[in-house]
Amino acid sequence: MDEMKELLESFLVETREILETLDQEIMSLETNPDGDTLNAIFRGFHTIKGTAGFMGFENISSLTHEAEDLLNKLRKGELEVTPEIIDALLDVHQVLTEMVEQVATQGNDGGIDYQGLVETLRRLRQQEVSAQPESSAQTTTAVASEDQERVLDKVLSDPQFGKRATDDFTPEEYALLDKAFEEINEEFARKEETASGGTESKKASPTPEEATPASGEAEAPSKETVKTTPPAKQTVSSQPAVSTKKLSASLRGMADNTIRVDVRRLEALMDLSGELVLGRNRLTQITESLVQEFRGHELIKKLQETMAQINFITTELQSAIMKTRMVPIAKLFQRAPRIVRDLAREFGKEIKVVLKGEETELDRSIIEELVDPLVHMIRNSCDHGIEPPEERIQAGKPRYGTIWLEAEHQENHIVIRIRDDGRGLNAEKIKRKALEKGLISPEVAAQLGDKEIYNLIFLPGFSTADKVTSVSGRGVGMDVVRTNIEKLKGIIEVDSKPGEGTTFTIKLPLTLAIIQGLLVEVQGEVYTIPLSSVIEVVSTNDYEIYTVNQQEVICIRDDIIQLVRMDQMLNTPTIREDLENRYVCVVGFAEHRIGLVVDELLGQKEIVIKSLGDFLKQIPGIAGSTILGDGRVILIIDVIELIRNAQRARLLRGSNVATAS
Amino acid sequence: MGTETAEALQQRNINGDTLQITAFRLGKEEFGIDILYIREIIRMPVITRVPNAPSYVLGIFNMRGKVVPVVDITQRLGVARRDEITDETKVIVVQVNNVLVGFVVDAVSEVQRIAKDIIVPPPALMENVNTKYVEGLAKLEERLIILLDLPKLLDLESESETE
């Protein structure tokens with residue numbers, strides 16, 4: 001019984017994995033109907049068929065069988081890849097996913113109707129490739145390669161081969177050989193490109209204008225078999241074929257060297273390494289005291305050396321453990337082309353997706369939390385951002401819109417950008433909506449800059465869509481995105497140019513467990529501010545501080561920044577009134593900045609975040625705690641909450657901070 | 001020791017004829033709690049104040065790498081604690097329903113094994129103690145040990161409702 005359960009478990013894991021890559025490969029087949037992709041898809045279905053058959057899931061196995069037959073025709077070049085075929089394959093994928101999930105929940109794959117789909121597959125399989133030579137490049141090459149093989153075989157097996165001069169070949173043989181070498185060369189070139197890892201992957205896929213209309217033309221006079229394609233068939237979600245291929249190739253290569261590990265084990269390791277860091281910090285401190293006291297002692301030197309070594313190893317160990325939890329962001333990005341394709345069809349738009357930096361790695365738990373926000377932003381771009389083709393052409397833009405998904409590392413952060421070349425945000429409309437919904441006061445509205453206005457879309461209850469569509473405009477949206485991002489200690493910004501497009505930038509920490517903290521003193525108590533939020537620290541003596549509408553602000557260069565007195569905020573036993581010789585830590589997220597008034601700066605430390613535990617749960621303004629090298633517990637300031645409080649107060653109070661000077 | 005075994009032991013303790021308790025002093029009274037709740041008894045540690053926390057929360061401290069909150073239960077019990085912290089002042093760290101929390105007592109007297117049949121239910125009213133959190137009274141020769149209902153005492157959500 002247990003054995004069966006184990007088998008089922010591994011069937012599910014394996015099949016889900018295959019389905020995940022299949023989705024990608026089918027998508028990329030649309031723009032790159034090459035043999036490699038076809039073979040990969042065929043292999044995927046084949047494996048599923050095999051294991052499902054073994055497990056006795058007949059529905060899965062018979063559906064994959066049908067898909068396989070269709071793919072076989074494609075592989076042989078007897079059929080051409082059409083949007084309809086892609087649709088059918090995606091449908092197969094969809095139904096298989098449902099079946100597999102049903103296996104997971106109910107233990108069987110029955111009850112899901114797929115007969116219609118099987119018929120579609122069969123009908124598609126019956127279609128013949130059109131006779132026009134230009135459209136049947138696939139066929140000719142395939143046929144040719146069979147011929148080539150034959151000729152090559154013949155030539156190479158000829159014992160006289162070495163002695164024959166090239167001009168002894170018949171013209172026919174010559175041409176075929178030539179072609180064969182050409183293809184071999186191409187193949188090499190492609191391999192090389194893949195190996196050298198060209199980042200600009202777009203070039204491998206033909207642009208939509210080149211690809212689709214050409215084949216459409218060719219189809220026209222042929223048998224009316226492919227004519228059922230819906231009007232949106234030109235929609236091309238271009239998949240950067242090379243990089244995906246590179247990725248799946250590298251993943252396949254990795255497969256032999258990887259093992260599956262329960263995430264909980266990794267988490268336990270992570271916790272232990274956190275404890276180790278604490279111990280190391282403490283040890284460092286003790287060593288420092290010893291050095292002070294027994295300077296010059298022979299053992300002290302040895303202690304210092306050992307300490308340095310332990311230091312180094314701890315850091316290395318920690319980053320090594322952290323790396324075990326890292327997953328390439330491709331896992332997340334890969335969903336995009338499919339989503340965009342479906343949405344583009346729904347809206348009658350033409351949109352392609354360009355992915356960049358999919359190999360960028362980040363913490364697994366963060367990836368999971370990013371799924372919903374990302375999907376939501378992509379939907380937003382498709383729905384509100386990208387214009388319908390006619391509108392784009394009128395605006396002098398290409399027919400098809402583009403959505404870029406980019407990821408890159410910046411120091412200890414990962415930056416993810418979702419960019420489109422659509423119509424951009426309408427500042428006036430946003431402002432009007434925000435006023436209507438009472439999210440800002442009229443006085444404030446008059447003073448907000450464009451960028452500040454754009455950021456209003458993140459306020460809860462905001463939605464500008466005039467009509468409610470199935471994907472957006474229900475008033476839950478960007479605020480959920482922001483909440484999710486903030487939960488990950490990240491920040492999100494939006495920028496837009498009317499007519500040129502919108503960019504969402506998400507900045508996230510690589511990991512959530514260990515951060516750099518700035519230690520500060522407030523009326524004798526020590527707190528830490530996450531360094532990632534600190535923009536700069538200034539002395540109160542160097543800048544002008546004003547009071548506007550009972551709100552203290554500091555003028556740093558051209559910025560007017562709202563001040564928060566930390567002693568008041570933290571209710572310290574004593575409160576200091578004056579602002580002599582104190583410091584202002586300017587912290588921020590997005591374009592929001594506030595200044596935290598503290599008494600002393602104590603330095604910077606790597607800290608392990610600990611929760612306050614179930615007993616205390618949420619404490620306003622406090623994000624957690626950490627243990628210092630000397631064993632003291634100190635609290636971590638929740639910068640984002642402080643900023644939001646300040647911002648909320650300002651938006652509703654309508655203070656004149658923006659024009660204070 | 002896994003929690004299962006702890007619970008099993010606790011069960012046996014309740015079902016058995018005797019109860020093992022730790023007795024401690026708060027003000028003039030002597031209290032007792034089931035020994036199986038106790039994780040650690042320590043001297044008054046360095047406590048970090050937690051701003052904006054409920055008033056009964058004294059702060060948090062570092063118990064060998066774990067951040068543990070410390071509360072003052074005198075308010076709730078309606079007893080007065082000694083003002084000054086002495087060598088005798090202790091923090092008893094307990095684990096109730098998987099939540100770690102410590103509370104300050106004036107002194108820890110001893111571990112007692114008491115016979116179940118000497119425990120009597122608390123009277124409806126007691127002179128110095130809020131009986132809501134009292135499970136029973138154990139009368140020993142010259143002493144009266146007030147047995148506390150720890151889960152109820154530390155369930156602080158109900159407190160915030162009444163406040």
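Residues numbered from 1 in each chain as written. Chains lettered and ligands numbered in written order. Predicted model: local features only at pLDDT ≥ 70, side-chain atom pairs only at ≥ 80, totals over all residues. Heavy atoms only, no water.

**Some thoughts on empty space enclosed by the protein**
Residue and element names in this part refer to chain A. Counting across every chain of the model gives four cavities of 30 Å³ or more. Within this model, the largest cavity holds a volume of roughly 70 Å³. Taken together, 11 residues make up the lining of the largest cavity; nearest its centre are Glu 452, Leu 456, His 592, Gln 647 and Leu 651. Counting residues per element, the lining of the largest cavity draws most heavily on helix H21 (residues 639–653), at three residues. When the residues that make up the lining of the largest cavity are grouped by side-chain class, the tally is four nonpolar, three polar and four charged. Mapping the lining of the largest cavity onto the domain boundaries places at least three of its residues in each of domain 3 (328–509) and domain 4 (514–659). (1 Å grid on protein atoms, 1.4 Å probe; cavity = no way out; pocket = protein on both sides within 12 Å on 5 of 7 lines; lining within 4 Å. Points joined across faces, edges and corners; volume = space filled by probe spheres on them. Helix = DSSP H or I, 4+ residues; strand = E, 2+ residues; numbered from the N terminus. Nonpolar A, V, L, I, M, F, W, Y, C, P; charged D, E, K, R; others polar. Domains from an automatic or database assignment.)

**Here's the deal with the sheet that holds strand E13 (residues 559–565) of chain A**
Residues and elements named next belong to chain A. Taken together, the six strands give an open sheet; going across it, the order is E10-E14-E15-E13-E12-E11, and neighbouring strands pair in mixed fashion. The sheet is open, and its two borders are formed by strand E10 (534–539) and strand E11 (544–548), each paired with just one other strand. The sheet shows a mean angle of 35° between the axes of neighbouring strands, taken without regard to direction. Bridge count between strand E14 (residues 583–589) and strand E15 (residues 592–598): seven bridges; the pairing is antiparallel. (Pairing = 2+ DSSP bridges. Axes fitted to C-alpha atoms, helices over the stretch in contact; angles between N-to-C directions.)

**Brief notes about the side chain of Gln 318 of chain A**
Residues and elements named next belong to chain A. For Gln 318, the position within the fold is in helix H11 (residues 298–324). For Gln 318, a relative accessible area of 5% puts it in the buried group. Once residues within four sequence positions are removed from consideration, Gln 318 is found in contact with Ser 273, Val 277, Ile 514 and Glu 606. (Buried < 20%, exposed > 50% of the residue type's maximum accessible area, 1.4 Å probe, protein only. Contact = heavy atoms within 4.5 Å.)

**Describing the sheet that holds strand E5 (residues 413–420) of chain A**
Residue and element names in this part refer to chain A. Strand order in this open sheet of five strands is E2-E4-E5-E7-E6, and the pairing throughout is mixed. Because the sheet does not close on itself, it has two edges, and the strands there are strand E2 (351–356) and strand E6 (491–497). Going from strand to strand, the sheet's axes swing by 15° on average, the running direction of each strand aside. Pairing between E5 and strand E7 (residues 501–509): eight bridges, direction antiparallel. Bridging across to E7, Val 415 finds its partner in Lys 507. Against the sheet, helix H13 (residues 335–347) contacts E2 and strand E4 (401–410), and its axis sits at roughly 165° relative to E2. Of the strands in this sheet, E2, E4, E5, E6 and E7 are in contact with helix H14 (residues 364–385), which crosses E5 at around 20°.

**Concerning H13 of chain A**
Between its first and last C-alpha, H13 of chain A extends 19 Å over 13 residues, near the 18 Å set by a 1.5 Å rise per residue. Phi turns positive, to about 65°, at Gly 348 of chain A, one or two residues after H13 of chain A. (Expected span 1.5 Å × (residues − 1).)

**Looking at unusual backbone geometry**
All names here are of chain B. Look at Asn 97: it is not a glycine, yet its phi comes out positive at around 50°. Note on placement: Asn 97 falls in the loop between strand E6 (90–96) and strand E7 (99–105). What makes Asn 97 exposed here is its relative accessible area of 67%. Although it is not a glycine, Asn 98 sits at a positive phi angle of roughly 70°. In this structure, Asn 98 sits in the loop between E6 and E7.

**Re the packing of helix H4 (residues 83–106) of chain A against helix H5 (residues 115–126) of chain A**
Residues and elements named next belong to chain A. Between H4 and H5, the shortest axis-to-axis distance is 10 Å and the interhelical angle comes to 150°. One element, H4, and the other, H5, form an angle in the roughly antiparallel class. As H4 runs across H5, the sense of the crossing is left-handed. Residues Glu 84, Ile 85, Ala 88, Asp 91, Val 92 and Val 95 of H4 form the contact with H5, whose participating residues are Leu 117, Leu 121, Arg 123 and Leu 124. Counted by class, the contact of H4 with H5 contains seven nonpolar, no polar and three charged residues. (Parallel < 35°, antiparallel > 145°, perpendicular 65-115°, else oblique. Left-handed = near helix turned anticlockwise from the far one by under 90°.)

**As for the nonpolar core**
Counting 68 residues, the largest nonpolar core has Leu 77, Val 94 and Phe 103 of chain B as the members making the most contacts within it. The element best represented in this core is H21 of chain A, accounting for five residues. Dropping the residues within four chain positions of it, Leu 77 of chain B is found in contact with Leu 26, Phe 31, Asn 128, Val 129, Asn 130, Tyr 133, Leu 148 and Leu 153 of chain B. One finds Ala 336, Val 340, Leu 374 and Ile 440 of chain A within the second-largest nonpolar core, a separate group that totals 57 residues. (Core = buried A, V, L, I, M, F, W, Y, C linked by side-chain atoms within 4.5 Å.)

**Quick word on the packing of aromatic side chains**
Under the defined criterion, the tally for this structure stands at four aromatic pairs over all chains. Measuring from centroid to centroid gives 5.8 Å for Phe 24 of chain B and Phe 31 of chain B, while their planes differ by 25°, and the two rings are stacked. Across the pair, exposure class does not vary: Phe 24 of chain B and Phe 31 of chain B are buried alike. Among the aromatic residues, those joined into a cluster by ring pairs are Phe 24, Phe 31 and Phe 103 of chain B. Against the face of Phe 42 of chain A rests Arg 75 of chain A, its NZ or CZ located 3.8 Å from the ring centre. The positively charged end of Arg 419 of chain A is found above the aromatic ring belonging to Trp 404 of chain A, 4.3 Å away from the centroid. (Phe/Tyr/Trp six-rings, centres within 6.5 Å; stacked < 30°, edge-to-face > 60°. Lys NZ or Arg CZ within 6 Å of the ring centre and 35° of its normal.)

**So, the interface of chain A and chain B**
In this complex, chain A contributes 23 residues to the contact, which on the side of chain B involves 21 residues. Regarding the contact of chain A and chain B, the summed buried area is about 1,800 Å², with carbon and sulfur atoms giving 65% of it. Among the residues chain A hides against chain B, the three largest losses belong to Phe 615, Leu 616 and Val 633 of chain A. Together they make up 37% of the total. The interface formed by chain A and chain B holds one salt bridge in total. Residue Glu 525 of chain A is joined to Arg 49 of chain B by a salt bridge in which the shortest nitrogen-to-oxygen separation is 2.6 Å. At the boundary of chain A with chain B, the tally comes to seven residue pairs in polar contact (both at pLDDT 80 or more). (Buried area = accessible area lost by both parts, 1.4 Å probe. Salt bridge = Lys/Arg side-chain N within 4 Å of Asp/Glu carboxyl O. Polar contact = N/O pair within 3.5 Å; in protein donor to acceptor, adjacent residues only side chain to side chain.)

**Some thoughts on the environment of Val 120 of chain B**
All names here are of chain B. With respect to the helices, strands and loops of the structure, Val 120 is situated in strand E9 (residues 119–120). Val 120 gets classed as partly exposed once you look at its relative accessible area, which sits at 34%. Spatially, the C-alpha atom of Val 120 lies 9.9 Å from that of Leu 147, the residues being 27 residues apart in sequence. Other than its neighbours up to four places away in sequence, Val 120 contacts Gly 136 and Leu 137.

**Things to note about the confidence of the model for chain A**
Residue and element names in this part refer to chain A. Per-residue confidence for chain A gives a mean pLDDT of 76, with 75% of residues at or over 70. For chain A, helix H8 (residues 208–219) is the element with the lowest average pLDDT, namely 40, and strand E9 (residues 525–530) is the one with the highest, namely 94. Note on residues 161–167: pLDDT under 50 across the span, and seven contacts to partners over four residues away in sequence or across chains. (pLDDT = per-residue confidence, 0-100.)

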